[in-house]
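Working through the structure, step by step
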Amino acid sequence: IKGVILRVTPYKESGAMINVLTKDQLLSFYARNIYKVDNKNILLTTPLMYAEFTFSDNKEPLVFKEMSPILDTRSYMNNYRKLAAIDFLNEVTIRLFPEDEMPKIYPYLIKTLELIKEEKRIAGLLLTYLAASLKLTGFGLNVDSCVITGSKTNIVGVSYLDGGLVSKQAYRSSRHKLYTPERIQILRAIFKAEPKDLDKISFNKKDIYSVLDDMFIYTYDQTGVRLKSENLIKK
């Protein structure tokens, strides 16, 4: 079974319960002795390791046999920005999605893990991942037209209170946020992006971080989740 390690919970003396996200479900299994230095399965403790997992046939609960890395995220561990990105992706997945809905974000997660090897693209990819997560959990912004008038022209800003873009006609400075055309374009791109589009994400870094600041606030307002990795990403 191919999947990504989302959570490792120490259990008993040197073992752990492992949660692996696959395209279909979140799997759980017990792995013995993985915290012993000489154990070949110590790779199971690597955050967001994308791998192929083998289990014994016809047994419940799952009996783990071995793991073969597909994308070994240990290669990201010696780079601060990539390590912070791994932490962020893991937290967003675990905290924004109920377990039965996590497979929805799986294709975005795999593609993002592949692309963050290019350091200059990390900020845009993380912003897009957050937007995709919000969209898939029912908190996406309306970026097709003005959320108030329905107009598709003269878009000048965004209303995080009303949940979408706003036109010049509807704009109120006391309630809405004025955005540059570039930042409006970013909002449209990140909320409409499919996994296949992620390798096209490329925006000005200053604009990305400005929108990201607003998205952190919007995420908290909508979900009640304040992401602990927020400050790591801002650095």
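Now for a description of the structure that goes with this document.

1. Topic: the overall build of the chain
Secondary structure summary: the chain contains six helices and eight strands in total. Each principal axis of the C-alpha atoms in the chain carries an extent, and together these give about 65 × 35 × 30 Å. Residues counted as buried form 49% of the 235 residues belonging to the chain. Counted over contacts in the chain with a minimum sequence separation of 6, partners at least 24 positions apart contribute 55%. If you sum the accessible surface of the chain, you get close to 12,100 Å²; carbon and sulfur atoms cover 48% of it.

2. A look at unusual backbone geometry
Of note in this structure, Leu48 is not a glycine but carries a positive phi near 55°. Turning to its location among the elements, Leu48 is positioned in the loop between strand S3 (26-31) and strand S4 (50-55). When its relative accessible area of 0% is taken as the criterion, Leu48 is described as buried. A positive phi angle, close to 55°, is found at Asn154, a residue other than glycine. Within the secondary structure, Asn154 is located in the loop between helix H3 (122-136) and strand S6 (155-159).

3. Examining the nonpolar core
Buried together is how nonpolar side chains tend to be arranged in soluble globular proteins. Judged by nonpolar contacts, the single largest core of 61 residues is most densely connected at Leu109, Leu130, Leu187, Phe191 and Met215. Those elements giving two or more residues to this core turn out to be strand S1 (2-11), helix H1 (80-96), helix H2 (106-115), H3, S6, strand S7 (164-167), helix H4 (181-192) and helix H5 (205-223). With ten residues, H3 is the largest single contributor of residues to this core. Look past the residues within four positions of Met215 in its chain and what remains in contact with it is Leu127, Leu130, Ala131, Leu134, Tyr160, Leu187 and Phe191. Counting 15 residues, the second largest nonpolar core, distinct from the first, contains Ala16, Ala31, Ile34 and Ala51.

4. Focus: the sheet that holds S7
Overall, antiparallel pairing links the three strands, which are arranged S7-S6-S8 in an open sheet. Two strands lie at the open edges of the sheet, namely S7 and strand S8 (177-178), each paired on one side alone. Bridge count for S6 against S7 is four bridges, and the pairing is antiparallel. Bridge pairing in S7 links Gly157 to Val166. Across the sheet, H4 touches S6 and S7, and the angle it forms with S6 is around 60°.

Rules and cut-offs
- Residues numbered from 1 in each chain as written.
- Predicted model: local features only at pLDDT ≥ 70, side-chain atom pairs only at ≥ 80, totals over all residues.
- Heavy atoms only, no water.
- Helix = DSSP H or I, 4+ residues; strand = E, 2+ residues; numbered from the N terminus.
- Buried < 20%, exposed > 50% of the residue type's maximum accessible area, 1.4 Å probe, protein only.
- Contact = heavy atoms within 4.5 Å.
- Areas by Shrake-Rupley, 256 points an atom, 1.4 Å probe, with all protein chains shown as cover.
- Core = buried A, V, L, I, M, F, W, Y, C linked by side-chain atoms within 4.5 Å.
- Pairing = 2+ DSSP bridges.
- Axes fitted to C-alpha atoms, helices over the stretch in contact; angles between N-to-C directions.

Geometric values such as these leave the question of function open.
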